[in-house]
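So you can see what is in the structure, the chains are spelled out below.
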Amino acid sequence: MVDEDEDASVYRTAMIRTLAAIAAAHIFLVTIYKGLVPGILPTQAEEWYTCYIIEESLSMDNLFAFYMVFLYFKVPTASQERVLRWGILGAIVMRALMISAGAVMIQSFHHVLLIFAAVLIYQGLKIVRGSVGDDSDDSDETDLGDSLVLRIAQRIVPVSGDYSGDAFFVQRDGQLMATPLLLVLVVIEMSDVVFAIDSVPAAFGSSEDPVVIFTANMFAILSLRSLYAVVAHAVDDLPYLETAIGGVLVFLGTKMLAESGGIAISTTVSLSIVFLMLGLGAGGSFLVKSKGSWTWGKTASEIKHI
């Protein structure tokens, strides 16, 4: 009962912080409408909001990846906080670098948008196919020592076979060794690179202004830490959300191709389609859940064994 109460309290706090971060983003949107944000015109408010919604939805996918990495490596709950902090910092740095590089490339070679479009369509179709066709169930019963990643890493650097709180290195028998938590951090940072490759082209699909894209990204990332607890709780309750995210990427890639061919698609239409797709993904998930096919989230004991 104590564990359940504690989990409910953590989830409630995470929801409050997530809603506060989302409220901050909407306050910023209002300041754009009022013309109070230097570098962003009031007419770019819809552009900014579309970019923010897209980046927030892709951040969910980023957090699903964090969740699966923690699940695979069986990271204790107490050790996850430090990795999340570094993972989120890595997400900020990678997006800043790629937004800067993307803006320079677009200014010099506008046809690079076609490459971005191809990346989005490919990744979107990959997500849709994977989320529809993957019904596998990873077992939690395997020893951490049996992890293929851990065995490979042990051939490169000395790695201890167990966690030591939130430490990345430990002293064992006079030898400095990496803990599995360092491997988790490396995998998380690699996932930041992969998701930045998806995220930045998606952002350029809604705007070509680097200030709009960067600020929208930062507000989306602002909610990542608290949103993780929500995702960990509800990961099994939104089976169609990832499919919807894949659909959004395909739409954005198609939009970029259409606009390069002279077919204009307004920001209002784009925003409406993005909302519709994400709404269908979330609504379809809750509909299936209401029919008894899905259970509501992870229990406290299940989350604590990640």
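To start, this report covers the structure provided alongside it. Worth saying up front: this structure is predicted, and the values here are computed from it rather than measured.

Summed over the entire model, instances satisfying the criterion amount to 7 aromatic pairs. An angle of 35° between the planes, with centres 4.7 Å apart, marks the rings of F28 and F219 as tilted. Of this pair, F28 sits in helix α1 (residues 2-33) while F219 is found in helix α7 (residues 210-222), placing the two residues 191 residues apart along the sequence. Three or more aromatic residues joined by ring pairs make a cluster, and in this case those are F28, W48, Y49, Y52, F219 and F275.

A word on the environment of M256. As for its placement among the helices and strands, M256 is situated in helix α9 (residues 241-260). Assessed through its relative accessible area of 7%, M256 is described here as buried. In this structure, the C-alpha to C-alpha distance between M256 and F116, residues 140 residues apart in sequence, is 8.3 Å.

Relative to the elements of secondary structure, E55 occurs in helix α2 (residues 45-73). Excluding its chain neighbours within four sequence positions, the residues that come into contact with E55 are R95, S199, A202, A203, N217 and A220.

The next point concerns the pairing of strand β2 (residues 175-178). Within a regular beta strand, the side chains point alternately toward one face of the sheet and then the other, so they alternate between its two faces. Taken together, the 4 bridges between strand β1 (residues 169-172) and β2 define a ladder with antiparallel strand orientation. Looking at β2, one finds that F169 is bridged to A178. Between β1 and β2, which follow one another and run antiparallel, lie 2 residues, and D173 among them has a positive phi close to 55°.

The next thing to look at is the pattern of salt bridges. Tallied over the entire structure, the rule returns 2 salt bridges. Note that E81 is salt-bridged to R85, the shortest N-O span being 3.7 Å. Of this pair, E81 and R85 both sit in helix α3 (residues 77-108), 4 residues apart, which is roughly one turn of the helix. Judged by its relative accessible area of 47%, R85 falls in the partly exposed class. Among the ionic pairs, R172 bridges to D162, the shortest N-O distance being 3.3 Å. Remark: D162 occurs in the loop between α5 (148-154) and β1 and R172 occurs in strand β1; sequence separation between them is 10 residues. R172 gets classed as partly exposed once you look at its relative accessible area, which sits at 31%.

Cut-offs applied
- Residues numbered from 1 in each chain as written.
- Predicted model: local features only at pLDDT ≥ 70, side-chain atom pairs only at ≥ 80, totals over all residues.
- Heavy atoms only, no water.
- Phe/Tyr/Trp six-rings, centres within 6.5 Å; stacked < 30°, edge-to-face > 60°.
- Helix = DSSP H or I, 4+ residues; strand = E, 2+ residues; numbered from the N terminus.
- Buried < 20%, exposed > 50% of the residue type's maximum accessible area, 1.4 Å probe, protein only.
- Contact = heavy atoms within 4.5 Å.
- Pairing = 2+ DSSP bridges.
- Salt bridge = Lys/Arg side-chain N within 4 Å of Asp/Glu carboxyl O.

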